[in-house]
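For reference, the chains in residue letters:
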Amino acid sequence: MISITSYADQYGYIVLMLALLLEMIALPVPGEVLMSYTGYMVHQGQLNWIMSILIAGIGTSIGMTISYFIGKRLGGPFLHKYGHLIHLGPKQLERTSNWFKKYGNKLLLVAYFIPGVRHITGYFAGITKLPYKTFALFAYTGGFIWVSVFISIGKLLGPQWEKFHDAVKKYLVIAGIIIAAGIILYYIYRKYRKPLVWLGMGLIHWTGMIFKSRVRAEVFIFATATATLLLIVLMITMVQNLFAGEFSDFNEVTSLIVSLLFEKHWSSLMHMLLLLGSHKVLLSVIALTVIWILWKGKDRTHEILILCMATIGGELYQNILHGYFHRVALSGVTSLSHFAYEFPNSQAIMVLIVYGYFVYLVVRHAEVIWIHTFMDILFLVILLAIAVSHIFFGLELPSNIAGGYVFGGVWLGLNILLLEIFRFL
């Protein structure tokens, strides 16, 4: 790291472009470290931010282009001759080529963030004969996104870039893997759509025979059950991370980024955003939910009953959780007792439940599609705004807020699932 950064000090843009070019043809060059350090140099005023991104993007694009043409000229014959030794014979190569032509372009957008994967995507795009125009569009776009993120993070972190570089990189890798997994799952769905549809219809029919169902309720039951299951898995993972002491980096990086993005002159706005999570506003949202049920509700008795269970039961639910984590902290099971005392955040749990139930009912009964999208986006913006305002004033640790949202999501999901089952009866 010291060697590559010292070269960057002396030669600036030239080293940046050459290093990323070489990394894209799979040579062992620490490109992400160099880009973060470049961002630090931008912070110091030694380099220009836009020029750094432009130069880094050009170097990345040239390197990817070289690997693409190497794969296109040399990789195909080699794999046709020796690919069977690694279970990649002509038939498998043809199938992989067809897959890459259809979906590999999306992978090019996120592959840069996954170490090891970004070094082979150019070669494989060439080997599978991905059209150059398609390759160029997605590979170059992904490359510029990649360099922009790391250089901007280095600029944002400034003198602390080296301290938090590994932590930031870890979370970006996780995000890249999640997106890539989403692309793969989408491919699996597209390829096996008919069998999956028939299986889903069979399950829906079986459920319908039991509960005398309606199609709309069936969809919501399936979607809610899936989302709740994923949140339960995430909840278990967060508890394991709490006990393993893995929230420190997340808290430090998130708090630092919020403090760097929002300076003191944001205080007035942040005070307003804090109000979104206050008891008065939450009570107002509950009242609005009741009005919506009376106006648009199709099963008013059950919807109001579940509203009471979700909110009143949510208070009991978060008290039980805090009692458990307080005992864990006092027992000394985890050295991170200061995290466990406030994990998960009570206000975050109730915010997720109250706002989430209102958004669910609007989406459930609104017939206009754009309202669904608008309410989902608005919901996410409100959650993010409340979290940022608490972190800005140092009122709560980011991990505790995230935990509150996840635990609250589990409780809300179970209540919505119960409501949808009631609709069948």
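Before going into details, it helps to say that this report is about the structure given with it. Remember, it's a predicted structure, so these values are computed and weren't measured experimentally. (Residues numbered from 1 in each chain as written. Predicted model: local features only at pLDDT ≥ 70, side-chain atom pairs only at ≥ 80, totals over all residues. Heavy atoms only, no water.)

**Remarks on a nonpolar patch on the surface**
Applied cut-off: Grouping into patches uses exposed residues only, defined as over 30% relative accessible area, and leaves out salt-bridged ones; the cut-off is 9 Å for like charges and 5 Å for nonpolar side chains (Val, Leu, Ile, Met, Phe, Trp, Tyr). All accessible areas in this document rest on Shrake-Rupley with a 1.4 Å probe, and a residue is counted as covered only by the protein chains that are shown. Within this document, salt bridges are pairs made up of a side-chain nitrogen of Lys or Arg and a carboxyl oxygen of Asp or Glu, the two lying within 4 Å of each other. Note on classification: 1.4 Å probe, protein chains only; a residue is buried when its accessible area is under 20% of the maximum for its type, exposed when over 50%, partly exposed between these limits.
A surface patch of nonpolar side chains, about 550 Å² in accessible area, is lined by Met51, Leu54, Ile58, Ile62, Ile66, Ile70 and Leu74. Residue classification places Leu54 among the partly exposed positions, given a relative accessible area of 41%.

**Some remarks on helix 7 (residues 132-157)**
Quick reminder of the rule: Elements are defined by DSSP. Helices are runs of H or I of four residues or more, strands are runs of E of two residues or more, and each kind is numbered from the N terminus. By this rule, a helix spans an expected 1.5 Å times one less than how many residues it contains.
Between its terminal C-alpha atoms helix 7 stretches 37 Å, which fits the 38 Å expected from 26 residues at 1.5 Å a residue. Where helix 7 terminates, the next one or two residues include Gly158, which has phi positive at roughly 60°.

**Quick notes on the environment of Asn400**
Looking at where Asn400 falls in the secondary structure, it is placed in helix 18 (residues 398-424). A relative accessible area of 0% places Asn400 in the buried class. Once the C-alpha coordinates of Asn400 and Ala348 are considered, the two residues, 52 residues apart in sequence, prove to be 8.4 Å apart.

**A short note on helix 3 (residues 31-43)**
With 13 residues, helix 3 should reach 18 Å at 1.5 Å per residue; the first-to-last C-alpha distance of 18 Å fits that figure. Of all the 13 residues making up helix 3, 12 are buried; the element is thus mostly covered by neighbouring parts of the structure. Gly31, Glu32, Val33, Leu34, Met35, Ser36, Tyr37, Thr38, Gly39, Tyr40, Met41 and Val42 are the residues of helix 3 that are buried. Directly after helix 3, the chain includes Gly45, whose backbone phi takes a positive value near 85°.

**Overview of the nonpolar core**
Where we set the bar: In plain words, nonpolar cores are sets of buried Ala, Val, Leu, Ile, Met, Phe, Trp, Tyr and Cys residues tied together by side-chain atoms within 4.5 Å. Only heavy atoms enter the contact rule, under which two residues are in contact if any of them lie within 4.5 Å.
One finds Tyr317, Phe343, Val351, Tyr355, Tyr357, Tyr405 and Phe407 to be the most contacted residues of the largest nonpolar core, which totals 52 residues. Those elements that provide at least two residues to this core are helix 10 (215-244), helix 12 (267-275), helix 13 (279-296), helix 14 (300-331), helix 16 (346-365), helix 17 (369-392) and helix 18. Sort the elements by how many residues they give to this core and helix 16 lands first, with 15 residues. Leave out the neighbours within four places in its chain, and Phe343 touches Met238, Leu242, Phe247, His322, Phe325, Ser399, Asn400, Gly403 and Phe407. Core analysis: the second largest hydrophobic core is formed by 23 residues, Met24, Val29, Ala139 and Phe150 among them.

**Looking at the side chain of Glu303**
Short version of the rule: Throughout this description, a polar contact denotes any pair of N or O atoms lying within 3.5 Å of each other; where both atoms belong to protein, one of them has to be capable of donating a hydrogen while the other can accept it, and for residues adjacent in sequence the pair is counted only when both atoms sit in side chains.
Mapping Glu303 onto the fold places it in helix 14. A polar contact is formed between the side chain of Glu303 and the side chain of His365, at a distance of 2.7 Å. Ignoring sequence-local partners within four residues, the contact set of Glu303 consists of Ile293, Gly297, Lys298, Tyr357, Leu361, His365, Leu419 and Arg423.

**Overview of the packing of aromatic side chains**
Put simply, the rule reads: Pairing of aromatic rings covers Phe, Tyr and Trp, the last through its six-membered ring, and needs centres within 6.5 Å; plane angles under 30 degrees mean stacked, over 60 mean edge-to-face, and all others mean tilted. Criterion for a charge above a ring: Arg CZ or Lys NZ at most 6 Å from the ring centre, at most 35 degrees from the ring normal.
Tallied over the entire structure, the rule returns 16 aromatic pairs. Judged by centre distance (6.2 Å) and plane angle (40°), the rings of Tyr132 and Phe135 are tilted. On the criterion of helical spacing, the pair formed by Tyr132 and Phe135 is a turn pair, its members being 3 residues apart in helix 7. Residue Phe135 is classed as buried on the basis of its relative accessible area of 0%. What links up through ring pairs into an aromatic cluster is the set Tyr68, Phe69, Tyr132, Phe135 and Tyr140. Note that Lys155 overlies the ring of Trp49, its terminal NZ or CZ placed 5.4 Å from the centroid. Looking at Lys296, its charged tip hangs above the ring of Trp295, at a distance of 4.9 Å from the centre.

**Some points on the side chain of Ser52**
Within the element layout of this structure, Ser52 appears in helix 4 (residues 49-82). Judged by its relative accessible area of 0%, Ser52 is buried. A polar contact of 2.7 Å, which involves the side chain of Ser52, links it to the backbone oxygen of Asn48. Setting aside residues no more than four positions away along its own chain, Ser52 makes contact with Tyr13, Leu16, Thr38, Val42, Leu47 and Ile151.

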